Number of protein chains: 2
Amino acid sequence: MKAKNKHDHRPTAASLTHFRSLLSNHMAKKGLRSTDQRKLIVETFFKSANHVSIEELLADVRAEDPKVGYATVYRTLKLLTECGVAFERRFGDGLTRYELADEESHHDHLICVECQSIIEFEEPRIERIQEEVADQHGFRLLSHKHEMYGVCASCQAKLNRASGTR
Amino acid sequence: MKAKNKHDHRPTAASLTHFRSLLSNHMAKKGLRSTDQRKLIVETFFKSANHVSIEELLADVRAEDPKVGYATVYRTLKLLTECGVAFERRFGDGLTRYELADEESHHDHLICVECQSIIEFEEPRIERIQEEVADQHGFRLLSHKHEMYGVCASCQAKLNRASGTR
DNA sequence: TTATATGCAAATTGTTTGCAAGTAT
DNA sequence: ATACTTGCAAACAATTTGCATATAA
């Protein structure tokens, strides 16, 4: 049986089916059309690593069809965001990154301020407290963003070594 | 006795003293100079509402000295961020906002996606779990950002009313 | 005196938009 | 046929940078 550990981001076939239908629903409702570029961008996004930037995604798309433009990627990602298939994330660098809105894996991020590496974690206890807080304030909670910034183990070691050299 | 409730952001005299010394330390270490503009910008920032944008801050600064330029405000806020006096925050709109790095009030944000209003909350239980998570991954935790997006009570009411009219 | 700071304007970066030509329905 | 889409380039908005001038040390 195929193992799927919690750091594996490849979406299941079932969730892709779900996302595809979310998208085509939304498109039908709005009278939007299914074009080769859109299909290519969406499928490329589904295959992408987590937290793709527009640039990275465009590069992958152009590997398949070199004449796709920036604007189309922006427009398509905005579309995916609107219909709940993708989430926009803005970390420290000035780039917008996108991830699959996989409801199952409500993970959050631990970001190293030295090497910029991103570790994901899940904490059901925090999720529960969040709901509580939202309730207390009368909010209907839609989504959240929880980022912790720090120095990862290997950068701590590196920094210690560097200061020891002095 | 003066009450200071948890939604009052005016910093105490003591914490301002602390921030001023953080800043002058940093400046001494880097050989930076204390100019009228820097002093004015820093003091204006200390008096500002929480989550000021560069624009708002500049407007207040120019009330005092109309010929201060954008670039100086950007440069000074970057300086404050580097020496740990201010935090940069990026919410949904494309603006960077700044807040005093007040360690005591480790508040987080609940943001209404309809009216953009921001409610702050504190949750010691979440803080504790965060430390735990960071430890598990060998991270030395420096700061965090925890934002919850939803619909506030009054916007929910408004939306219900609107859909009732149909 | 001399290295840092300032204000301005120009440059950069990420993202959005207008439009003529192309294409799905 | 008739909208919707695309790619391009131009437009934008936020932020950064280069440079001549001003100023703190």
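Just above sits the structure.
These numbers come from a predicted model, not from an experiment. (Residues numbered from 1 in each chain as written. Chains lettered and ligands numbered in written order. Predicted model: local features only at pLDDT ≥ 70, side-chain atom pairs only at ≥ 80, totals over all residues. Heavy atoms only, no water.)

Novice: Let's hear about the relation of the copies chain A and chain B: which residues, and what values?
Specialist: Taken as rigid bodies, chain A and chain B are interconverted by a rotation of 178° and an axial shift of 0.1 Å, the fit giving an RMSD of 0.2 Å. Seen this way, the second copy is the image of the first under a two-fold rotation axis. Of the C-alpha atoms belonging to chain A, the one lying closest to the rotation axis is found on A:His146, 2.1 Å away. Same-surface contact between copies: 97% of interface residues of chain A are shared with the interface of chain B. (Least-squares fit on C-alpha atoms with pLDDT ≥ 70 in both. Contact = heavy atoms within 4.5 Å.)

Novice: Tell me about the interface of chain A and chain B, and please be specific about residues and values.
Specialist: Accessible area lost when the parts come together is the quantity often used to give the size of an interface. Contacts between the two partners involve 35 residues from chain A, matched on the other side by 34 residues from chain B. Buried surface at the junction of chain A and chain B, both sides included, amounts to about 3,300 Å², of which 64% is carbon and sulfur. Three residues stand out in chain A for area buried against chain B, namely A:Phe139, A:Lys145 and A:Tyr149, and they jointly supply 19% of the buried area on that side. The salt bridge partner of B:Glu132 is A:Arg125, with a shortest N-O separation of 2.7 Å. Taken together, the links from chain A to chain B amount to 17 residue pairs in polar contact (both at pLDDT 80 or more). Secondary-structure elements contributing two or more residues to the side of chain A that touches chain B are strand E4 (108-112), strand E5 (118-121), helix H5 (124-136), strand E6 (140-151) and helix H6 (153-164) of chain A. (Buried area = accessible area lost by both parts, 1.4 Å probe. Salt bridge = Lys/Arg side-chain N within 4 Å of Asp/Glu carboxyl O. Polar contact = N/O pair within 3.5 Å; in protein donor to acceptor, adjacent residues only side chain to side chain. Helix = DSSP H or I, 4+ residues; strand = E, 2+ residues; numbered from the N terminus.)

Novice: Describe the protein's contact with DNA strand C, and please don't skip the residues or the numbers.
Specialist: By nearness alone, 21 residues border DNA strand C, and A:Tyr74, A:Thr96, B:Thr35, B:Arg38 and B:Thr72 come closest of all. When atoms of DNA strand C within 4 Å of the protein are split into backbone and base, the sugar-phosphate part holds 73%. Within the side chain of A:Lys78, a nitrogen or oxygen atom sits 3.3 Å from a phosphate oxygen of DNA strand C. At 2.5 Å, a side-chain N or O of A:Thr96 approaches a phosphate oxygen of DNA strand C. Elements with a minimum of two residues in the surface near DNA strand C: helix H4 (70-82) of chain A together with helix H2 (36-47) and helix H4 (70-82) of chain B. When residues of the surface near DNA strand C are assigned to their parent elements, the largest contribution, four residues, is made by H4(A). Residues belonging to the surface near DNA strand C are distributed by class as follows: six nonpolar, eight polar and seven charged. (Near = heavy atom within 4 Å. Nonpolar A, V, L, I, M, F, W, Y, C, P; charged D, E, K, R; others polar.)

Novice: Quick one: what's the story with the protein's contact with DNA strand D, residue by residue and with numbers?
Specialist: Looking at DNA strand D, there are 21 residues lining it, with A:Arg33, A:Arg38, A:Thr72, B:Tyr74 and B:Thr96 nearest. Here the atoms of DNA strand D within 4 Å of the protein split so that 71% fall in sugar or phosphate, with bases taking the remainder. Between DNA strand D and the protein, one listed contact pairs a sugar or linking oxygen with a side-chain N or O atom of A:Gln37 at 2.8 Å. At 3.0 Å from a base nitrogen of DNA strand D is found a side-chain nitrogen or oxygen belonging to B:Arg33.

Novice: So what about the pairing of strand E2 (residues 86-90) of chain B? Which residues, and what values?
Specialist: Residue and element names in this part refer to chain B. Pairing geometry for E2 and strand E3 (residues 96-100), over five bridges, is antiparallel. Bridged to Ala 86 within E3 is Leu 100. A loop of five residues connects E2 with E3, the two strands running antiparallel in sequence. (Pairing = 2+ DSSP bridges.)

Novice: Now, about unusual backbone geometry: what can you tell me, with residues and values included?
Specialist: All names here are of chain A. A positive phi angle, close to 60°, is found at His 51, a residue other than glycine. For His 51, the location among the structural elements is in the loop between helix H2 (36-47) and strand E1 (52-53). Among the residues examined, His 51 registers a relative accessible area of 8% and is labelled buried. (Buried < 20%, exposed > 50% of the residue type's maximum accessible area, 1.4 Å probe, protein only.)

Novice: Please provide a residue-by-residue account of the packing of helix H1 (residues 13-30) of chain A against H2(A), values included.
Specialist: All names here are of chain A. The N-to-C vectors of H1 and H2 enclose an angle of 150°; their axes lie 12 Å apart at closest approach. With respect to their mutual orientation, H1 and H2 come out roughly antiparallel. Pair H1 / H2 crosses with right-handed handedness. Counted together, Leu 16, Phe 19, Arg 20, Leu 23 and Met 27 of H1 and Arg 38, Val 42, Glu 43 and Phe 46 of H2 form the full contact between these two elements. Tallied by class, the residues present in the contact of H1 with H2 amount to six nonpolar, no polar and three charged. (Axes fitted to C-alpha atoms, helices over the stretch in contact; angles between N-to-C directions. Parallel < 35°, antiparallel > 145°, perpendicular 65-115°, else oblique. Left-handed = near helix turned anticlockwise from the far one by under 90°.)

Novice: I'd like a rundown of the packing of aromatic side chains, residues and numbers included.
Specialist: All names here are of chain A. Throughout the structure, instances matching the rule amount to two aromatic pairs over all chains. With a centroid separation of 6.3 Å and an interplanar angle of 40°, the aromatic rings of Phe 45 and Phe 46 are classed as tilted. For Phe 45, a relative accessible area of 3% translates into the label buried. (Phe/Tyr/Trp six-rings, centres within 6.5 Å; stacked < 30°, edge-to-face > 60°.)

Novice: How would you summarise the sheet that holds strand E1 (residues 52-53) of chain B if you had to cite specific residues and measurements?
Specialist: Strand pairing in a sheet relies on backbone hydrogen bonds, with the paired strands running either antiparallel or parallel. Residues and elements named next belong to chain B. Strand order in this open sheet of three strands is E1-E3-E2, and the pairing throughout is antiparallel. A single partner strand is all that each edge strand has here, and the edge strands are E1 and E2. Relative to E3, E1 runs antiparallel, the two sharing two bridges. Residue Val 52 lies in a different strand from E3, and its bridge partner there is Tyr 98.

Novice: Report on the packing of H2(A) against helix H3 (residues 54-64) of chain A, specifying residues and quantitative values.
Specialist: Residues and elements named next belong to chain A. Closest axis-to-axis distance for the H2/H3 pair is 10 Å, and the angle between their directions is 120°. With respect to H3, the axis of H2 lies oblique. In this structure, the crossing between H2 and H3 has a hand that is right-handed. From H2, Leu 40, Ile 41, Thr 44 and Phe 45 reach across to H3, where they touch Leu 57, Asp 60, Val 61 and Glu 64.

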